[in-house]
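One letter stands for each residue in the lines below.
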Amino acid sequence: CHPLAIYGTHSPWMLATVDENDTSRPYLFIEWSDKSTSIYDVEWLQRFQYNHNSRLESRERNEVRPIHAVRKNGPPMWYCTPAAEKDCKVVYPAKDAPDHGADGLVHIDYDSVIGIDGGHRDGLFNLLHFIFRDGAVIISNTPSPFLDHKEDGINMMQDEAMPVAKLAKAISGGAISHGMLYGDIFHVRTGERNSNNIAYTSSALCPHQDMAYYESTPGMQLLHCVAMGDDVVGGESTLIDAMAAAYQLRELRPKSFETLTKCPATFVKQRDGACMTYRRPHITLAEDRGSIFDREITAVHWSPPFEGPLCLPPDDVDDYYEAYSDFELLLNNNWDLPSEKDLTSYADEFTWKRKLKPGEILIFNNRRMLHGRNGFTVAGGVRAENGHRHLVGCYTNIDDTLNTYRVGLRERQPCSQVSVLNVGNGTTIVP
């Protein structure tokens, strides 16, 4: 195992220092035969004991459950638990944690993250902390990308100068990802790119992840609302926590859960300039021994608009579609089936929905959260035209963004007791 620090004839491992008189946390000091000294955090050693109980405790700390999920009304229920109070004291000892807004998400001012000079501010850690804790945050008071304050998209900043690009680079260590199909910066508005994606229409979007046909799908997605006309009817953005929903599916429909961990779906992108496919199960579990019901959920893959032909043995097809239907009812609150009320009521309670306002950036973890949109028109029945509803977006890599957060967390708490919830990248988190 890794020590907190090694002192001897060579430089310390990491930059950790330990006060031998510190009684707030127990440390184990070992002096080796070469006269070097290793220092171990005892709580860390206990956490990673080679026994069944420590593994169960680790799963309990890290696995995303419904208690962690954003809701239709109010913040995640986890914030009412003693564990939340303990974490807050560790991460925010000065009691300066940002509050959740009335919509249940934490709102962070753009200027607290990106300074006038383009430098990064203390708000960057807050942003990252609540993205990985809740799955989504809202950035408020974001500068407009329009050079002349018009909303026709003609006189806009260069892509690299856009506020959403600066924010993406801040959280990811300097890079925007997944720009091959739509560009590093993309525009979500009616008629964009000749509407070669349903997102570029005014139709409703069911809950989904973007680019599930990639081997490594985008991590964070950022959507900057730059125009939302007063006459737009509908167009609310939606979110639901897919990893928490998978946990609930295991509780309510264990057979369906098992099927979705074993039967691979086919995700596709086929159009001019794109020919991509990727097969994998909808739910991924930790590579551990034991029952699938005892293993941590490490990823969910769900994108109905981009699914291709099912390639399964005939005997598995009926079970697959039954399981698929159960999970769809759990994720999409547009169904009203009294016989499946336990599934549909979950979707209703845990679907976050709100119309974004100009100057807001919705940032969410595309690996954990499914996003969607209500269809929209202009008052009077006329379909919306360009400029009435206009979002500017981009992606970041999940591992780059997680690294930025964990480095910031380590700087605040070198021996952090804070557990990081699973981010949906197919592996467990090891502190």
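Residues numbered from 1 in each chain as written. Predicted model: local features only at pLDDT ≥ 70, side-chain atom pairs only at ≥ 80, totals over all residues. Heavy atoms only, no water.

Enquirer: Is there a simple way to think about the confidence of the model for the protein chain in this case?
Expert: Caution is warranted with low-pLDDT regions, since their predicted coordinates should not be read in detail. Mean pLDDT over the protein chain works out to 88, with 88% of the residues at or above the 70 mark. Counting interchain partners and residues more than four positions distant, the pLDDT-below-50 stretch residues 11–15 has 10 contacts. (pLDDT = per-residue confidence, 0-100. Contact = heavy atoms within 4.5 Å.)

Enquirer: I tried to follow unusual backbone geometry on my own but got confused; where do I start?
Expert: A negative phi holds for most residues other than glycine; trans holds for most peptide bonds. Backbone geometry places Lys95, a non-glycine residue, at a positive phi of 60°. Along the chain, Lys95 falls in the loop between helix H3 (82–91) and strand S4 (107–109). Even without glycine at this site, Met211 takes up a positive phi of about 55°. Relative to the helices and strands, Met211 is located in the loop between strand S7 (205–208) and strand S8 (220–228). (Helix = DSSP H or I, 4+ residues; strand = E, 2+ residues; numbered from the N terminus.)

Enquirer: What exactly am I supposed to notice about the sheet that holds strand S19 (residues 389–396) here?
Expert: Taken in spatial order, the 6 strands line up as S4-S5-S16-S8-S19-S6 in an open sheet, and their pairing is mixed. The open sheet has two edge strands with one neighbour each: S4 and strand S6 (186–188). This sheet shows a mean twist of 25° between the axes of neighbouring strands, independent of strand direction. (Pairing = 2+ DSSP bridges. Axes fitted to C-alpha atoms, helices over the stretch in contact; angles between N-to-C directions.)

Enquirer: For this particular structure, what's the right way to read the packing of helix H7 (residues 254–262) against helix H8 (residues 314–331)?
Expert: Each packed pair of helices is defined by two parameters, the angle between the axes and the distance between the axes. The geometry of H7 relative to H8 is characterised by a closest axis approach of 9 Å and an angle of 110° between their N-to-C directions. On the basis of their axis angle, the class for H7 and H8 is roughly perpendicular. Helix-helix and strand crossings are classified by hand; for H7 and H8 the assignment is left-handed. Side by side, H7 and H8 meet where Lys255, Ser256, Thr259 and Leu260 of the first sit next to Asp319, Tyr320, Glu322, Ala323, Tyr324, Asp326 and Phe327 of the second. Grouping the constituent residues of the contact of H7 with H8 by class yields 5 nonpolar, 2 polar and 4 charged. (Parallel < 35°, antiparallel > 145°, perpendicular 65-115°, else oblique. Left-handed = near helix turned anticlockwise from the far one by under 90°. Nonpolar A, V, L, I, M, F, W, Y, C, P; charged D, E, K, R; others polar.)

Enquirer: Even after reading the chapter, I still don't get empty space enclosed by the protein, so can you show me in this structure?
Expert: One way to see where empty space is left: roll a probe the size of a water molecule over the atoms. Under the criterion given, the structure shown has 3 cavities of 30 Å³ or more. Considered as a void within the structure, the largest cavity measures approximately 350 Å³ in volume. Together, 26 residues line the largest cavity, and Ala199, His208, Asp210, Gln221 and His371 are the ones closest to its centre. Of all elements in the fold, only S6, S7, S8, strand S10 (237–241), strand S16 (361–365), strand S17 (369–373) and S19 reach the threshold of two or more residues within the lining of the largest cavity. Of the residues assigned to the lining of the largest cavity, the class counts are 16 nonpolar, 7 polar and 3 charged. (1 Å grid on protein atoms, 1.4 Å probe; cavity = no way out; pocket = protein on both sides within 12 Å on 5 of 7 lines; lining within 4 Å. Points joined across faces, edges and corners; volume = space filled by probe spheres on them.)

Enquirer: Explanation requested: the packing of aromatic side chains in the structure shown.
Expert: Between two aromatic rings, the relevant description is the distance of the centres plus the angle of the planes. All told, the structure shown has 14 aromatic pairs when counted by the stated rule. Plain terms: the ring middles of Tyr92 and Phe130 are 6.4 Å apart, the flat faces sit at 20° to each other, and that makes the pair stacked. Linking Tyr92 in the loop between H3 and S4 with Phe130 in helix H4 (residues 123–134), this pair joins segments that are 38 residues apart in sequence. We classify Tyr92 as buried; its relative accessible area is 3%. Consider the rings of Phe186 and Tyr395, whose centres lie 5.2 Å apart with planes at 40°: the pair is tilted. Here Phe186, found in strand S6, pairs with Tyr395, found in strand S19; they are 209 residues apart in sequence, far enough to count as distant. Each member of the pair Phe186 and Tyr395 is classed as buried. Aromatic ring contacts, followed pair by pair, group Tyr92, Phe125, Phe130, Phe132 and Tyr405 into a single cluster. When the ring centre of Trp78 is taken as origin, the NZ or CZ atom of Arg133, which lies over that ring, is 3.9 Å away. (Phe/Tyr/Trp six-rings, centres within 6.5 Å; stacked < 30°, edge-to-face > 60°. Buried < 20%, exposed > 50% of the residue type's maximum accessible area, 1.4 Å probe, protein only. Lys NZ or Arg CZ within 6 Å of the ring centre and 35° of its normal.)

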